[in-house]
Amino acid sequence: MDWFHTFKTAPSLSSLYLYDCQFPDLESFSRTTNSSNSITTIRVYACTFGSTTVSRLLNLSSNLLDLTLLSNFNN
């Protein structure tokens, strides 16, 4: 399952708080402009990232105001 697509298409999600997650590195990352317009806050703590995770989070919403990354790890 593509976690990015799931969050991106949620119609009324405004804040996303993730703790102790593992984001797999997805091969087919496309930087589309079809972003969510509802997400304004993303906070990610103690998670493990693939190489495309931060790029995907930055492109998750066209209205993103707050992206907090704390104590995360690259795999």
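Residues numbered from 1 in each chain as written. Predicted model: local features only at pLDDT ≥ 70, side-chain atom pairs only at ≥ 80, totals over all residues. Heavy atoms only, no water.

Caption draft 1: How the structure looks around the overall build of the protein chain. The helix and strand tally for the protein chain stands at two helices and five strands. Beginning at the N terminus, the succession of helices and strands in the protein chain can be written as α-β-β-β-α-β-β. For the protein chain, with 75 residues in total, the buried portion stands at 32%. By sequence separation, contacts in the protein chain at least 24 residues apart represent 79% of the contacts at least 6 residues apart. When the accessible surface of the protein chain is totalled, it reaches about 4700 Å², and 51% of it is carbon and sulfur. (Helix = DSSP H or I, 4+ residues; strand = E, 2+ residues; numbered from the N terminus. Buried < 20%, exposed > 50% of the residue type's maximum accessible area, 1.4 Å probe, protein only. Contact = heavy atoms within 4.5 Å. Areas by Shrake-Rupley, 256 points an atom, 1.4 Å probe, with all protein chains shown as cover.)

Caption draft 2: Focus on the pairing of strand β1 (residues 15-19). In β1, alternate side chains face the same way, and those of Leu16 and Leu18 are buried while those of Ser15, Tyr17 and Tyr19 on the opposite face are not. Taken together, the five bridges between β1 and strand β2 (residues 41-45) define a ladder with parallel strand orientation. Across the sheet, the residue bridging to Leu18 is Val44, located in β2. (Pairing = 2+ DSSP bridges.)

Caption draft 3: Looking closely at the nonpolar core. Of all hydrophobic cores here, the largest spans 13 residues; its most connected members are Leu18, Phe23, Ile42, Val44 and Leu60. Those elements that place two or more of their residues in this core are α1 (3-8), β1 and β2. The biggest single contributor to this core is α1, with three residues. Contact partners of Val44, with chain neighbours within four places excluded, come to Leu18, Phe23, Phe49, Leu57, Thr68, Leu69, Leu70 and Asn72. (Core = buried A, V, L, I, M, F, W, Y, C linked by side-chain atoms within 4.5 Å.)

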